[in-house]
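Structural overview
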Amino acid sequence: MAASAPQLHPFTTHVVDAMRLLYPEELADRSWDNVGLLLENIKSDKGNPTVLVTNDLTIDVAEEAIRRKASVIVSYHPFLFRPIKSISLADPHQRIILQLVQNNIAVYSPHTAVDAAPGGMADWLADLLPGAGASASRKVVTPLPVSNTIPAGSGYGRVVNLDKPVELEQVIKAYAEGLGGQRYLMIARPKHMTQIRSAAVCPGSGFDVLKNCDADLIVTGEMTHHNALKAVMQGKCVIAAFHSNSERTFLQDRLRPELQKLLREKVPEAEVVVSEADEDPFEIVDVQNIRLRA
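Residues numbered from 1 in each chain as written. Predicted model: local features only at pLDDT ≥ 70, side-chain atom pairs only at ≥ 80, totals over all residues. Heavy atoms only, no water.

**Quick look at the overall build of the chain**
- Helix and strand counts for the chain stand at nine helices and 11 strands.
- In terms of C-alpha radius of gyration, the chain reaches 20 Å, essentially the compact-globule figure of 19 Å for 294 residues.
- For the chain, the spread of C-alpha atoms along the three principal axes comes to 75 × 55 × 35 Å.
- Here the contacts in the chain between residues at least 6 apart in sequence split such that 68% fall between residues at least 24 apart.
- With an accessible surface of roughly 15600 Å², the chain has 52% of that area assigned to carbon and sulfur atoms.
- Of the side-chain charges in the chain, 30 are positive and 35 negative, and the distance between the mean point of each set is 1 Å. (Helix = DSSP H or I, 4+ residues; strand = E, 2+ residues; numbered from the N terminus. Rg over C-alpha atoms; globule rule 2.2 N^0.38 Å. Contact = heavy atoms within 4.5 Å. Areas by Shrake-Rupley, 256 points an atom, 1.4 Å probe, with all protein chains shown as cover. Lys, Arg positive; Asp, Glu negative; His and termini not counted. Charge placed at Lys NZ, Arg CZ, Asp CG, Glu CD.)

**Points about the side chain of Thr-220**
- One can find Thr-220 in strand β9 (residues 217–220).
- At 2.8 Å, the side chain of Thr-220 forms a polar contact with the backbone oxygen of Cys-202.
- Polar side-chain contacts of Thr-220 include one of 3.0 Å to the backbone oxygen of Gly-204.
- Ignoring sequence-local partners within four residues, the contact set of Thr-220 consists of Cys-202, Pro-203, Gly-204, Ser-205, Gly-206, Ile-239, Ala-240, Ala-241 and Ser-246. (Polar contact = N/O pair within 3.5 Å; in protein donor to acceptor, adjacent residues only side chain to side chain.)

**Quick look at the packing of aromatic side chains**
- Throughout the structure, instances matching the rule amount to four aromatic pairs.
- Three or more aromatic residues link up through ring pairs in this structure, and these residues are Tyr-23, Trp-124 and Phe-250. (Phe/Tyr/Trp six-rings, centres within 6.5 Å; stacked < 30°, edge-to-face > 60°.)

**With respect to the pattern of salt bridges**
- For the coordinates displayed, the defined rule picks out 10 salt bridges.
- The salt bridge involving Glu-25 is made with Arg-30; its shortest N-O contact spans 3.0 Å.
- When its relative accessible area of 11% is taken as the criterion, Glu-25 is described as buried.
- Linking Glu-63 and Arg-95 is a salt bridge whose minimum nitrogen-to-oxygen distance equals 3.3 Å. (Salt bridge = Lys/Arg side-chain N within 4 Å of Asp/Glu carboxyl O. Buried < 20%, exposed > 50% of the residue type's maximum accessible area, 1.4 Å probe, protein only.)

**So, unusual backbone geometry**
- At Lys-69, a residue that is not glycine, the phi angle is positive and equals roughly 55 degrees.
- Residue position: Lys-69 is located in the loop between α2 (59–67) and β3 (72–75).
- The phi dihedral of His-111 is positive, around 40 degrees, even though this residue is not glycine.
- Mapped onto the fold, His-111 is located in the loop between β4 (106–109) and α4 (112–116).

**Quick word on the sheet that holds β4**
- A sheet is described by the order of its strands in space; here five strands give the open sequence β1-β4-β3-β2-β11, paired in mixed fashion. At either margin of the open sheet sits one strand with a lone partner, and together these are β1 (36–39) and β11 (271–274). Each strand axis lies, on average, 25 degrees off the axis of its neighbour in the sheet, ignoring direction.
- Pairing geometry for β3 and β4, over three bridges, is parallel. By the bridge assignment, Ile-73 is partnered in β4 with Val-107.
- Along the sheet, helix α1 (residues 10–22) contacts β1, β2 (50–54), β3 and β4; its crossing angle with β3, the most-contacted strand, is approximately 20 degrees.
- Of the strands in this sheet, β2, β3 and β11 are in contact with α2, which crosses β2 at around 165 degrees. (Pairing = 2+ DSSP bridges. Axes fitted to C-alpha atoms, helices over the stretch in contact; angles between N-to-C directions.)

**Focus on the packing of α1 against helix α9 (residues 248–266)**
- At a minimum axis separation of 10 Å, α1 and α9 run at an interaxial angle of 130 degrees. Between α1 and α9, the angle falls in the class oblique. The way α1 lies across α9 gives a crossing that is right-handed. Between α1 and α9, the contacting residues are Phe-11, His-14, Val-15, Ala-18, Met-19, Leu-21 and Leu-22 on the first element and Leu-255, Glu-258, Leu-259, Leu-262, Leu-263 and Lys-266 on the second.
- Here the residues of the contact of α1 with α9 are counted per class, giving 10 nonpolar, one polar and two charged. (Parallel < 35°, antiparallel > 145°, perpendicular 65-115°, else oblique. Left-handed = near helix turned anticlockwise from the far one by under 90°. Nonpolar A, V, L, I, M, F, W, Y, C, P; charged D, E, K, R; others polar.)

**Focus: the UniProt feature "binding site: a divalent metal cation" (unreviewed entry) in the chain**
- When the UniProt feature table is mapped onto this chain numbering, "binding site: a divalent metal cation" (unreviewed entry) sits at His-77, Asp-115, His-243 and Glu-247. These annotated residues cover 171 residues of sequence, and their C-alpha atoms lie no more than 13.4 Å from one another, placing them together at a single site.
- Once you skip the residues sitting within four places of it in the chain, His-77 turns out to touch Asn-55, Asp-56, Ser-109, His-111, His-243 and Glu-247.
- Within the structure, the side chain of His-77 is placed 2.6 Å from the side chain of Asp-56, a separation counted as a polar contact.
- By the secondary structure assignment, Asp-115 is in helix α4. (UniProt positions renumbered as here; feature names shortened; annotations may be inferred.)

**Quick look at α2**
- All buried positions along α2 are accounted for by Val-61, Ala-62, Glu-64 and Ala-65. Taken end-on, α2 shows its buried residues confined to a sector of 160 degrees, consistent with a single buried face.
- Each element contacted by the buried residues of α2 is listed here: β2, β3, α3 (92–102) and β11. (Arc of directions from axis to C-beta.)

Here it is in C-alpha cells:
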C-alpha cells in the first residue's frame, strides 16, 4: 500500500489565500516573472503562525526566519528564477533552499502582482507625491484588461497630473522621507527645472514602463546612465532611490498590516513581522570620511 502524500501546512494555505486576495497572481507579468508559492512546507504540529516579510530573501534573512520560528516567508522579490539541476551549499540561493527545507519554512513571492494591483506599490509611490490627493488626476501607464480576476485600475506604473506646480525640492524631500527616511537620492534634471506639474512612477527598475510617459518627473528605483541622459534631454527630471529602497517601506506600511488583518480572520494568533536583516546591497560612502556600517 502506497504511503499517503504529505499535506501542505494549513497556515501556509491561509497565507497564500490572503496574498492572492490582496495581490492576485493574474496581475503578474509571467512572461519573465516567477510568482506564487515557490517553496512549500509540510503540515506539522511544530512552528508558529508567523510570517516574515522581506524585500529580498538572502542568507541573513533566511537565518532570521529560522531564529524567529517563522512558518512562511513572504519575499517580494522571487529568489528562484531558473530551473535547478542540483542543490549545492556552494550556491547561496540553493543554500537558502536547504536551510528552509530543513526548518520547514515556506516561501511565497508576489513581486509584479504587487506592482500592478490597485492600491499596490505603484499607487503607493504615487501617493508619496505632494499634491497627489483627490484633486490630482491619476492613470495607469500600462493597464491590464479587466476580468473576473483582474480588478479595474490594475496595471504597471502610474502617471499623476497635479492641479498646480510643486517645487522640486519639496518633492525630493517628500520621497526621501516617504521611502523610509533616505538621506541620499540620485537626481538627474535639466538645470532650469525647479518645479513639476506631473510625475510618472514605477518601483524597481521602471524605465521601460515609464519611458514614453508625458511627465515632468520620473520616479523609480534605478535607471541606467544612458536612459537618464535621454530623460534629461527630453526635459524630464529623474529621481532614482536605488532599486529596493523604492519598494521596501511599502512592505512595512501597507503589506504587513493588510496581510495580518486578513490572516487574523482565520488564525487569531497570526503575526506578520518585517525582516530586520533585509537591506539594500548598496550603501553610499563619503570617501573623505568613511564610516562603514557594521
